[in-house]
Every structure is written in structure tokens, then in C-alpha cells.
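These are the residues of each chain, in order.
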Amino acid sequence: MSEHQIVSFISLVGFLILVGAGFRARDVGWKRGFFLAGAWAGIFAVVILFIDMVR
């Protein structure tokens, strides 16, 4: 692994810890959390496909 990949991996782990802490603070369960993650992934996929079609 290069040092850029290590920094990227560490930041990814940190972001996941922050997201997990946010879900826990708001009492979001696993089922609801996966639903929200899927919804956001779908929104980003639609936006990326739209931008690709327009380009």
C-alpha cells in the first residue's frame, strides 16, 4: 500500500465511525440505517446516470 492509500483508508474508517456514532445518537436501528444507505446510494446512482446521459 502506498502512503496515499493508507491515508485514504484511515479517513474512510474515521468517516464510518462518525456515521455509526451519529446513527447511535439518533437511535437509528440497523434496518432503518440500511434503508437510508440504500436510498442515498440510489439517489447518487440516478444523478450520476443523468449526468452521464447529458454529457
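For the structure, check the block above.
Just so it is clear, the model here is predicted, and its values are computed rather than measured. Along each chain, residues carry numbers from 1 onward, in the same order as the chain's sequence is written. For this predicted model, a pLDDT threshold of at least 70 governs which residues receive local features, and a threshold of 80 or more governs which side-chain atom pairs are given and counted, while totals over whole chains, interfaces and linings are taken from all residues. Calculation of side-chain values draws on the structure's entire complement of heavy atoms; hydrogens and water are dropped beforehand.

**Q** Help me out: how do you make sense of the overall build of the protein chain in this one?
**A** Helix and strand labels come from DSSP, where a helix needs a run of H or I of at least four residues and a strand needs a run of E of at least two; each type is numbered from the N terminus. Within the protein chain, the regular secondary structure consists of two helices and zero strands. Computation of the radius of gyration draws on C-alpha atoms alone. For the globule rule, the value is 2.2 Å times the number of residues to the power 0.38. Taking 10 Å as the expected radius of gyration for a compact globule of 55 residues, we find that the protein chain reaches 15 Å, considerably beyond that expectation. Over its C-alpha atoms, taken along the principal directions, the protein chain stretches across nearly 40 × 35 × 15 Å. Only protein chains enter the area calculation, which uses a 1.4 Å probe; residues under 20% of their type maximum are buried, those over 50% are exposed, and those in between are partly exposed. Within the protein chain, the proportion of its 55 residues that are buried is 2%. Here the open area of atoms and residues is found with the Shrake-Rupley method and a 1.4 Å probe, where only the protein chains shown may cover a residue. When the accessible surface of the protein chain is totalled, it reaches about 5,400 Å², and 73% of it is carbon and sulfur.

**Q** What should I look at first to understand helix α1 (residues 3-25) in this one?
**A** Residue pairs spaced three or four apart in an α-helix point in one direction, given the helix's 3.6 residues per turn. In this model, α1 (23 residues) spans 33 Å end to end at C-alpha, consistent with the 33 Å of a helix rising 1.5 Å per residue. One or two steps after α1, the chain reaches Asp27, where phi turns positive at roughly 55 degrees. Each residue after the first adds 1.5 Å to the expected span of a helix.

**Q** When you look at the packing of aromatic side chains in this model, what are you seeing that I'm missing?
**A** Two measures describe an aromatic ring pair: the distance that separates the ring centres and the angle between the ring planes. Note on aromatic contacts: the rings of Phe and Tyr and the six-membered ring of Trp form a pair at centre separations within 6.5 Å, being stacked when their planes are under 30 degrees apart, edge-to-face when over 60 apart, and tilted otherwise. Taken as a whole, this structure holds two aromatic pairs when the rule is applied. Here Trp40 and Phe44 contribute two aromatic rings whose centre-to-centre distance is 6.0 Å and whose plane-to-plane angle is 35 degrees, an arrangement assigned as tilted. Residue Trp40 and its partner Phe44 are both found in helix α2 (residues 30-54); the two are separated by four residues, about one turn of the helix.

**Q** Whenever I open this one, a nonpolar patch on the surface confuses me. Can you help?
**A** Patch criteria: residues need more than 30% relative accessible area and no salt bridge. Like-charged residues are merged within 9 Å; nonpolar side chains of Val, Leu, Ile, Met, Phe, Trp and Tyr are merged within 5 Å. Salt bridge, as used here: a side-chain nitrogen of Lys or Arg that lies within 4 Å of a carboxyl oxygen of Asp or Glu. A grouping of Met1, Ile6, Phe9, Ile10, Leu12, Val13, Leu16 and Ile17 is seen on the molecular surface, where their side chains present a nonpolar patch of about 850 Å² in accessible area. Counting through the fold element by element, Phe9 comes out in helix α1.

**Q** I tried to follow unusual backbone geometry on my own but got confused; where do I start?
**A** Comment: phi is negative for the bulk of residues other than glycine, and the bulk of peptide bonds are trans. Unlike most non-glycine residues, Asp27 shows phi in positive territory, near 55 degrees. By the secondary structure assignment, Asp27 is in the loop between α1 and α2. According to the relative accessible area criterion, Asp27 is exposed, its value standing at 71%.

**Q** How do you make sense of the environment of Met1 when you look at a structure like this?
**A** Topologically, Met1 is positioned in the segment before α1. Between the C-alpha atom of Met1 and that of Phe44, which follows or precedes it by 43 residues, the distance is 29 Å.

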